[in-house]
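What the coordinates show
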Amino acid sequence: ATIVHIDIDTSSISRNIQVDIPIVADAKEAIEKLLEYVEPMEKKESWMEQIEGWKEEHPLRMKRHALMSPLDIIEEMNRQFDDAIITTDVGQHMMLVSQYAEITEKKQLVMSGGLGTMGYGFPAAIGAQIGNPEKRVIAVSGDGGMQMNIQELATAVLEELPVILCIFNNEYLGMVRQWQTLFYEHHYSQTNLLDGEAHGADGAAALADGDAPLEVPDFIKLAEAYGCVGIRAFTEEEAIAAIEKANQINDRPVLIDFRVWKDAMVWPMVAAGAPNDEVTYKPGIKPLAG
């Protein structure tokens with residue numbers, strides 16, 4: 001491929017990959033100039049119709065489970081928020097939000113893409129909320145990525161930012177664990193975040209009675225220590241109520257600790273170093289022809 005690299009920093013040009021056309025410029029100025037050379041896409045309507053046909057033939061689905069899954073939360077976010085900005089951290093939740101969140105003209109999605117910057121989601125939400133005080137801003141993170149920049153709760157509280165922070169707490173570094181499951185024969189290492197194995201109604205009762213193992217960290221106590229509102233949800237019904245409550249608070253951040261099914265996976269997958277036409281699909285799912 002012919003590679004064009006646009007960067008405002010001259011020293012960054014060809015740093016990782018030798019490029020064919022280097023352009024040192026501000027991103028906005030470069031994109032505006034590129035627009036002068038862009039031609040309308042031919043047969044765009046037929047191409048979009050083909051994509052919609054593929055979506056109908058091979059719809060994205062997540063396996064339902066007795067325990068709360070990330071999809072349950074995302075579906076409720078779709079239902080309760082029609083004018084919002086959603087930011088994500090890095091991990092399984094980022095993939096799932098990008099697949100299942102309903103993005104419209106009034107709902108935007110902000111993520112770091114393939115940069116893999118764990119800790120991005122919450123600071124991005126703070127910036128989005130300051131820049132769009134009239135909008136609801138929801139940050140989605142995992143129990144691993146959330147701990148990269150959790151100290152920014154102080155900033156959000158001092159600025160009285162009503163960011164809703166949704167933590168998909170599956171007890172693990174979920175994406176790494178998924179790779180260990182699929183590509184390393186279930187050899188799990190350094191992915192258990194030791195949050196007490198608390199699930200569903202039984203998990204809530206165990207925490208209330210003090211019978212559950214130590215949580216590292218206890219996100220609710222941590223949120224309250226910063227002056228935020230902390231809510232824990234073990235079931236789909238509790239998740240619905242938690243989001244509704246968070247949507248009513250507008251003077252401080254709200255952290256919701258969603259206890260989700262630890263074995264939920266993201267499909268499809270591409271192994272490290274493999275080309276994009278070598279895709280691992282969920283068992284029983286037929287890949288697209290051609």
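So, a few notes on the structure that sits alongside this text. (Residues numbered from 1 in each chain as written. Predicted model: local features only at pLDDT ≥ 70, side-chain atom pairs only at ≥ 80, totals over all residues. Heavy atoms only, no water.)

**Things to note about the environment of Pro 162**
Structurally, the position occupied by Pro 162 is in the loop between helix H6 (153-158) and strand E6 (164-169). Once the C-alpha coordinates of Pro 162 and Pro 133 are considered, the two residues, 29 residues apart in sequence, prove to be 9.0 Å apart. Residues contacting Pro 162, with those up to four places away along its chain left out, are Gln 129, Arg 136, Val 137, Ile 249, Asn 250, Asp 251, Arg 252 and Pro 253. (Helix = DSSP H or I, 4+ residues; strand = E, 2+ residues; numbered from the N terminus. Contact = heavy atoms within 4.5 Å.)

**Points about the nonpolar core**
Counting residues in each nonpolar core, the largest one holds 32 residues, and the members touching the most others are Ile 73, Met 77, Ile 138, Phe 168, Ile 256 and Phe 258. For this core, the secondary structure elements donating two or more residues are helix H3 (70-80), strand E3 (84-88), helix H4 (92-100), strand E5 (136-142), E6, strand E7 (229-233), helix H10 (236-247) and strand E8 (254-259). Among residues more than four places away in sequence, those in contact with Ile 256 are Ile 164, Leu 165, Cys 166, Ile 167, Ile 231, Ala 242, Ile 243 and Ala 246. Membership of the second largest hydrophobic core comes to 20 residues, among which are Ala 125, Ala 139, Ala 156 and Ile 167. (Core = buried A, V, L, I, M, F, W, Y, C linked by side-chain atoms within 4.5 Å. Buried < 20%, exposed > 50% of the residue type's maximum accessible area, 1.4 Å probe, protein only.)

**Here's the deal with the pairing of E5**
Counted residue by residue, E5 has seven buried out of seven residues, so it is predominantly covered. In this structure, E3 lies alongside E5, joined through five bridges in parallel fashion. From the neighbouring strand, Thr 87 faces E5, where its bridge partner is Ala 139. By the bridge criterion, five bridges tie E5 to E6 in an arrangement that is parallel. Bridge pairing in E6 links Ile 138 to Ile 164. (Pairing = 2+ DSSP bridges.)

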